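Residue-level structure breakdown
Given next are the chains, with one letter for each unit.
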Amino acid sequence: MNRLRDWRDRFLTQVATMHPAAWLTLLGIVVFAVLFGSLGVQNHRNFGTWSYDMGIYDQGFWLVSRDGGGFMSVRGLQFWGHHVNLIAFAFAPFYWLGAGASFLYVVQACVLGLGAAPVYLIARDKFRNEWMGLVFAVVFLMYAPLQWISWAMFHPEALVITPFLYAWWFAMRERWNWFFAMVLIALSTREDTALAVMMMGVVLLIVLRKAPDIRRVRKMAFATMALGAAWYVVATKLVLPFFNDGREPFYITYFYGNYGSSTPEIVGTMLRHPSRVWHDATQPDRLEFYRQLSWPVGWTYLANPLGLLMALPQMVASVIGLSPYARMIRYQYTSVMIAPIFIASIQGAYVFWRFRIARLLLPLWLLGCAYVTNAAWSPSPLNERDHAVWSRPNPRHESLREALTHVPDNASVTATYQLLPHLAHRREIYDWPNPFWAAVWGNDDCAHLPNPTTVDYVVLDKTQIGTNNLLIYQNMRVDGGPFEAVFEDDNVVVLKRVGTSPAVDEQPQRDSCRQLAIRHELLGNG
């Protein structure tokens, strides 16, 4: 009891003596969390979320809360065969209480905003100036890639930024118990954050090379490297293959098939052909990507870029891969890069701090770059053009909401991509036209694709049926066909199964699976 009272007294004393810059940082965190949390809720309620990825993670976290995981019918993969998101267990109690997509958006906004606290602490300690801590906290909160992450659905890896930053701060103070606690939280977000953790060990070994207790620092740095390497191997070589029919993670061939069909093959190609990596890394869209990551922090990391080593694995993965989205600041792929970019930027900015003129110009430069780039590139209210990405009320939404009320809670459903996130809390929910036609399913094959006759309801936004799937829809609606409408208007239709039909339940799936098999055979021979 006395220890608790002492802790309370120390806490109250700290709060009472907080610097105004710290209070302003806290205010900025609250504003960020409220603004982007409410925009996220608005986005979901107004049908601005998609099957990929909000539907995937909402169903996945719901499954974890029920039985520790299971088959994600939205994605066609086992939850633990998709990614190793151990952080999902922290959400389970909230899902027991009815949490869903809106809750995920709010938590993500709060955790992203909270990253300003360790940024403040890192900069304050480095510059020995609370106001420079505030400057970097504001730059962080206005960082356009960070704000885009708060829009781009929910992704567990977005939660890595704050614990990664806190881990760095604790390392700088050599508080190793807290450091490893933050590292473990970072590793729990997704398996590939292990590579950034491994590189953090390398960077710490260099940055803290003059620490008084260098032997302990070396021990902790090597332990960090070993932990990151071990977790990456366990996650990608044991856990993911175990839950993915013994296969490599789906994204290996999906994103990096141009370099090989396995991790060793991809790495081998990169080592044998570095000119190919350089060619990919210097394409115009990659150069624009670097520019949009760098201008908001004023390119200050160039004065001391060592910290960027922690971002290097994810950066390389983004620039050599097949997906153009991985090198756009509008999506979650920047998540693992952001903390290292800010750590390097603080270290780089400090290089200029020895010059008296910099003490006036550096804050102005940083805040100016943050403001201008936010107004040009972010989804914040400062950028009127891109702020429109947050879905707003539309008269047609009322009929979409009415349609959803006609679907029983436990029914097996296929739905178009903006309706599915509102139906994800069930074991059988498919992204139209699955399972009738295999489309972006599993490992881009037909493994575990269920018999279409198991689908009870079809819920379609008429603007999203797709010309390629129109024949399937029409065959569902023919006289005597396998479905009948239980709700329909100009915007949406809800179909209930009343029978079966080869033209709906057999032929389309067979044809799509045959096409996939032929394509894989050609790629294998190629």
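Reference entry: report on the structure contained in this document. (Residues numbered from 1 in each chain as written. Predicted model: local features only at pLDDT ≥ 70, side-chain atom pairs only at ≥ 80, totals over all residues. Heavy atoms only, no water.)

Thoughts on the overall build of the protein chain
- A count of helical and extended segments in the protein chain gives 24 helices and 7 strands.
- Computed over C-alpha atoms, the radius of gyration of the protein chain comes to 25 Å, within 12% of the 24 Å expected from 2.2 N^0.38 for 526 residues, which places it in the range of a compact globule.
- If one aligns the C-alpha atoms of the protein chain with their principal axes, the spans along those axes are about 80 × 50 × 50 Å.
- The buried share of the protein chain, taken over its 526 residues, is 54%.
- For the protein chain, the proportion of contacts with a sequence separation of at least 24, taken over those separated by at least 6, is 70%.
- Entry remark: accessible area of the protein chain is about 23500 Å², with carbon and sulfur atoms responsible for 61%.
- Across the protein chain, the mean location of the 43 positive side-chain charges is 14 Å away from that of the 38 negative side-chain charges. (Helix = DSSP H or I, 4+ residues; strand = E, 2+ residues; numbered from the N terminus. Rg over C-alpha atoms; globule rule 2.2 N^0.38 Å. Buried < 20%, exposed > 50% of the residue type's maximum accessible area, 1.4 Å probe, protein only. Contact = heavy atoms within 4.5 Å. Areas by Shrake-Rupley, 256 points an atom, 1.4 Å probe, with all protein chains shown as cover. Lys, Arg positive; Asp, Glu negative; His and termini not counted. Charge placed at Lys NZ, Arg CZ, Asp CG, Glu CD.)

A short note on the nonpolar core
- Residues F127, F136, F140, I161 and F179 are the most contacted members of the largest nonpolar core, which totals 106 residues.
- Considering each element in turn, this core owes the most residues, 10 residues, to helix α19 (residues 335-352).
- Leave out the neighbours within four places in its chain, and F140 touches L112, G113, G115, A116, V119, L146, I161, L165, I338 and F342.
- Within the second largest apolar cluster, 40 residues are counted, among which are I87, A101, F154 and L423. (Core = buried A, V, L, I, M, F, W, Y, C linked by side-chain atoms within 4.5 Å.)

A closer look at the packing of aromatic side chains
- Taken as a whole, this structure holds 39 aromatic pairs when the rule is applied.
- Ring geometry for F140 against F342: centres 5.2 Å apart, planes inclined by 75°, an arrangement best described as edge-to-face. On the criterion of sequence distance, the pair formed by F140 in helix α8 (residues 130-141) and F342 in helix α19 is long-range, its members being 202 residues apart.
- With a centroid separation of 5.7 Å and 20° between ring planes, the pair formed by F170 and W178 is classed as stacked.
- On the basis of relative accessibility, which here comes to 8%, the residue F170 falls in the buried class.
- Directly above the ring of F250 sits R75, whose terminal nitrogen or CZ lies 4.6 Å from the centroid.
- Here the basic side chain of R276 rests over the ring of Y259, its NZ or CZ set 4.3 Å away from the ring centre. (Phe/Tyr/Trp six-rings, centres within 6.5 Å; stacked < 30°, edge-to-face > 60°. Lys NZ or Arg CZ within 6 Å of the ring centre and 35° of its normal.)

Quick notes on the state of the cysteines
- Summed over the entire model, instances satisfying the criterion amount to 1 disulfide.
- There is a disulfide in this structure between C446 and C513, and the S-S distance comes to 2.0 Å. Taking the sign of the S-S torsion, about -110° here, the bridge from C446 to C513 comes out left-handed. Taken together, the positions of C446 in the loop between β4 (429-431) and β5 (457-461) and C513 in helix α24 (residues 507-525) put the pair 67 residues apart, joining distant regions of the chain. (Disulfide = S-S within 2.5 Å.)

What about the pairing of strand β6 (residues 483-488)?
- Of the pairings in the sheet, the one linking β6 to strand β7 (residues 492-497) comprises 5 bridges and is antiparallel in character. Residue pairing in the sheet places E488 in a bridge with V493 of β7. (Pairing = 2+ DSSP bridges.)

Overview of the layout of surface pockets
- Its boundaries defined by the atoms lining it, the second largest pocket holds a volume of some 770 Å³.
- Forming the walls of the second largest pocket are 23 residues, and the residues nearest its centre are Q14, M18, L121, R124 and W169.
- Here the lining of the second largest pocket is composed, by residue class, of 15 nonpolar, 4 polar and 4 charged. (1 Å grid on protein atoms, 1.4 Å probe; cavity = no way out; pocket = protein on both sides within 12 Å on 5 of 7 lines; lining within 4 Å. Points joined across faces, edges and corners; volume = space filled by probe spheres on them. Nonpolar A, V, L, I, M, F, W, Y, C, P; charged D, E, K, R; others polar.)

A look at the sheet that holds β6
- Spatially, 5 strands are ordered β4-β3-β5-β7-β6 in an open sheet, and the strand pairing comes out mixed. With one partner strand each, in any of the chains shown, β4 and β6 form the two edges of the open sheet. Recorded for the sheet is a direction-independent mean angle of 20° between the axes of neighbouring strands.
- Of the strand pairs in this sheet, strand β3 (residues 413-415) and β4 are connected by 3 bridges, and their pairing is parallel. For A415, the partnering residue across the bridge sits in β4 and is D431.
- Most of the contacts of helix α22 (residues 470-477) go to β7, to which it runs at about 60°, and overall it touches β5, β6 and β7. (Axes fitted to C-alpha atoms, helices over the stretch in contact; angles between N-to-C directions.)

Describing the environment of L366
- Tracing the backbone shows L366 in helix α20 (residues 358-377).
- In this structure L366 comes out as buried when scored by relative accessible area, which is 0%.
- Sequence separation between L366 and N434 is 68 residues; the distance between their C-alpha atoms is 48 Å.
- Beyond its immediate sequence surroundings of up to four residues, L366 is in contact with M132, V135, F136, V139, P296, V297 and T300.

A short note on the side chain of N383
- Its location among the elements puts N383 in the loop between α20 and α21 (397-404).
- A residue is classified by how much of its surface remains accessible, and N383, at 4% relative accessible area, is buried.
- Setting aside chain neighbours within four positions, we find N383 in contact with N374, A375, A376, W377 and S378.

Looking at unusual backbone geometry
- Across the junction of W432 and P433, the peptide omega takes the value 10°, indicating a cis bond.
- Considering the arrangement of structural elements, one finds P433 in the loop between β4 and β5.
- The amide bond that connects N434 to the next residue, P435, takes the cis arrangement and shows omega of -5°.
- Despite not being glycine, H448 shows a phi value in the positive range, around 65°.
- Following the sequence through the fold, H448 ends up in the loop between β4 and β5.
- Of the residues examined, H448 reaches a relative accessible area of 48% and is grouped as partly exposed.

With respect to the pattern of salt bridges
- Within this structure, the stated rule accounts for 19 salt bridges.
- Across the salt bridge formed by R190 and E157, the nearest N and O atoms sit 3.2 Å from each other. Residue R190 is located in the loop between α11 (176-189) and α12 (193-207), and its partner E157 is located in the loop between α9 (144-151) and α10 (161-172); the two are separated by 33 residues in the primary sequence. We note that R190, like E157, is buried. (Salt bridge = Lys/Arg side-chain N within 4 Å of Asp/Glu carboxyl O.)

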